[in-house]
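# Structure assessment
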Amino acid sequence: MNRVTLLLLQALVAVVAIGIWHIGSSVPIGGTYFLPKFFFSTPADVATRVWTLFADGTVKIATCTEPIDLTRLINISAPCFGKTVWQHLLITLIEGLLAFAIGAAAGVAIGFWLARHPLLSAIFDPYIKMLNALPRVVLAPIFLLWLGLGIWSKVALGVTLVFFIVFFNVYQGVKEVSPAILANARMLGMNERQLFRNVYWPSALSWMFSSLHTSVGFAIIGAVVGEYLGSAAGLGYMIQQAEGTFDTTGVFAGMVILAVFVLIIDWFVTLIERRLLVWRPPSAAGQG
Amino acid sequence: MSDRQAERETAAQHAPAAAISFDGVAIDFPVAGGASYPAVTRTDLKVGAHEFVAIVGPTGCGKSTLLNVAAGLLAPSTGQTLVFGAPLVGLNRSAGYLFQQDAVMPWKTARDNVAISLEIAGTARAEALERAQGWLKRVGLSAFGDRYPHQLSGGQRKRVGLAQVLIRDPKVLLMDEPFGPLDAQTRQIMGNLLLDLWALDRKAVLFVTHDLEEAIALSDRVVIMSAGPSARIIGDHAIDLERPRDASEVRLLPRFHELHKAIWGQLRAEVLKAYGEDAG
């Protein structure tokens with residue numbers, strides 16, 4: 001199938017879905033709407049709301065007398081904090097990135113450490129499994145208590161999600177280095193430090209990058225869920241506020257913004273992945 | 001011919017020690033239940049400093065095991081290995097090992113894979129890359145330096161592996177069915193490449209293969225191993241074919257056929273025995 005046909009078919013799915021939504025919510029069939037506006041809003045309302053949110057938000061930022069810099073933009077107590085959609089997006093983005101960076105760094109470090117020390121790995125094994133099996137949402141209230149309503153309680157939630165994905169992948173990556181490559185590297189004269197740099201590290205990173213989409217996605221999930229459960233800013237907060245007033249249009253608008261936001265981030269991840277995993281055969285790189 | 005023989009004899013008299021010398025080497029592998037599986041029984045074998053020795057035997061006879069002992073990757077259960085007269089402890093630092101499987105690092109380009117051999121020994125990166133390019137040229141890959149292993153064919157990856165090992169200039173070359181996974185034509189081309197490179201300085205080579213024709217075409221001596229368990233050396237044949245040889249054309253010589261017939265007669269029984277064991 002060629003590219004154009006594929007794109008057309010993909011667009012067709014959206015058109016049909018939005019069409020059904022529109023008819024159900026705006027065209028009475030036999031006197032009733034099978035998707036009542038109160039519960040489902042309408043595509044036109046949602047589109048208008050998304051547009052207004054961004055337009056108003058831009059106006060608010062533009063007319064703000066305070067100097068616009070990053071620290072002011074995310075400072076909830078700053079007088080200019082108008083809670084525009086841009087600020088919500090920025091805060092969610094910052095929380096997600098911090099969660100990813102901290103979670104990935106910890107996952108790589110501990111994954112490596114345990115993979116190279118079988119005894120430690122055996123000792124910690126049940127605890128790691130236990131923590132991983134725990135639904136992370138139950139930790140959110142604890143993090144709120146510990147770290148407050150600011151961004152760090154959301155970052156912490158994201159970290160607990162990202163850490164395990166990266167940890168397991170790095171652990172696996174170090175454990176499953178091809179024995180032939182390892183023996184070859186040893187025979188070439190590599191010492192432990194050189195083996196780490198030239199064999200274990202690239203192997204572990206390749207495993208980590210192959211799970212990049214999942215871990216970045218989970219970082220954002222952690223941020224949004226954290227915001228939803230208790231915060232004063234962010235996309236999750238926006239959606240939660242709309243829900244609190246039965247503002248279905250607001251909830252759907254938040255979901256649309258979140259979906260587009262995640263798509264854009266995913267696209268960036270694909271770009272990064274393509275650069276970093278250039279040595280991988282296409283089939284193997286595609287599996288991630 | 002007679003000159004070469006004389007040369008060899010004097011060399012033998014003056015040579016301080018063989019490149020590799022297995023001295024009563026036996027290898028047992030532990031199996032479940034505390035028992036052990038005798039893979040190789042007491043083996044004595046010497047590989048001269050400039051000698052190309054091939055080990056042939058049925059599958060599973062412990063040829064590769066013996067090679068791993070020579071590399072120091074595996075310690076023998078009894079006996080010892082001498083490398084240029086000194087007992088081998090740990091990895092064999094004077095040996096280069098070409099593995100049967102792909103062992104080049106998939107995350108490095110062909111050039112980096114070759115250069116890393118020098119870099120880990122302390123050569124500056126710029127110089128290492130330059131010399132790596134020289135070796136890539138020698139193995140016929142000068143235009144492929146920037147390719148990653150998955151962008152190369154199986155034969156090309158073997159060439160990278162060969163350059164990676166030879167750039168260190170090891171005194172001994174250990175090869176474990178290096179061309180095994182390649183197709184017949186590529187194998188002969190790789191055989192010729194190996195002979196050309198070997199002719200430059202005649203390193204000691206221990207070449208494990210299951211392909212008798214390849215063994216005869218390349219080596220000075222063909223050693224036959226019996227079927228396992230308790231594999232041992234059951235034959236040692238000098239290959240008196242003139243060098244330089246062409247790995248494919250040498251197969252047409254009458255002498256090649258005589259040698260092949262003589263050695264195959266011995267090997268055949270062992271191969272059948274190995275299949276019999278498998279069937280049982």
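Since we're looking at a predicted model, the values are computed, not measured.

Each strand in a sheet pairs with another by means of backbone hydrogen bonds, the pair being arranged parallel or else antiparallel. Residues and elements named next belong to chain B. The 6 strands are arranged E6-E7-E8-E3-E9-E10 in an open sheet whose pairing can be described as mixed. This sheet does not close on itself; its edge strands, each paired only once, are strand E6 (95-98) and strand E10 (233-238). Taking each pair of neighbouring strands and ignoring which way they run, the sheet shows an average axis angle of 15 degrees. As defined by bridge partners, strand E9 (residues 221-225) adjoins E10 across 5 bridges and the pair is classed as antiparallel. For Val223, the partnering residue across the bridge sits in E10 and is Asp236.

This paragraph deals with the sheet that holds strand E4 (residues 78-83) of chain B. All names here are of chain B. Taken in spatial order, the 4 strands of this open sheet run E2-E1-E4-E5, and their pairing is antiparallel. Strands with a single pairing partner mark the edges of an open sheet, and in this sheet they are strand E2 (36-47) and strand E5 (86-87). Pairing of E4 with E5 involves 2 bridges; the strand directions are antiparallel. Across the sheet, Val83 pairs through a bridge with Ala86, a residue of E5. Contacts from helix H2 (residues 63-71) reach strand E1 (20-30), E2 and E4 within the one sheet, and its direction differs from that of E1 by about 120 degrees.

What follows concerns the domain arrangement of chain B. All names here are of chain B. Taken as a whole, chain B is organised into domain 1 (15-94 + 170-274) and domain 2 (105-164). Put simply, the middle of domain 1 and the middle of domain 2, counted by C-alpha atoms, are 26 Å apart. The interface is formed by 10 residues belonging to domain 1 together with 8 residues belonging to domain 2. For the pair domain 1 and domain 2, the two sides together bury roughly 740 Å², of which 84% comes from carbon and sulfur. For domain 1, the biggest contributors to the area lost against domain 2 are Met190, Leu193 and Leu197; these three give 52% of the whole. In this assembly, domain 1 and domain 2 are joined by 0 salt bridges. In terms of residue count, the dominant contributor to the side of domain 1 that touches domain 2 is helix H6 (residues 184-201) (6 residues).

Rules behind the numbers
Numbers given to residues run from 1 along each chain, matching the order in which its sequence is written. Written order determines the labels here, with chains lettered from A and ligands numbered from 1. Local features in this predicted model are restricted to residues of pLDDT 70 or higher, and side-chain atom pairs are both shown and tallied only at a pLDDT of 80 or more, whereas totals for entire chains, interfaces and linings draw on every residue. The basis for the side-chain values is all heavy atoms of the structure; hydrogens and waters are excluded. Any two strands between which DSSP finds at least two bridges are classified as paired. Strands here mean DSSP runs of E at least two residues long; helices mean DSSP runs of H or I at least four residues long; both are numbered from the N terminus. Comment: axis = line fitted to C-alpha atoms, over the contacting stretch for helices; angle = value between 0 and 180 degrees taken between N-to-C directions. In what follows, residue pairs with any heavy atoms lying within 4.5 Å of each other are defined as contacts. Boundary definitions for the domains trace back to an automatic or database domain assignment. When two parts are put together, the accessible area they lose, computed with a 1.4 Å probe and summed over both, is reported as buried area. Within this document, salt bridges are pairs made up of a side-chain nitrogen of Lys or Arg and a carboxyl oxygen of Asp or Glu, the two lying within 4 Å of each other.

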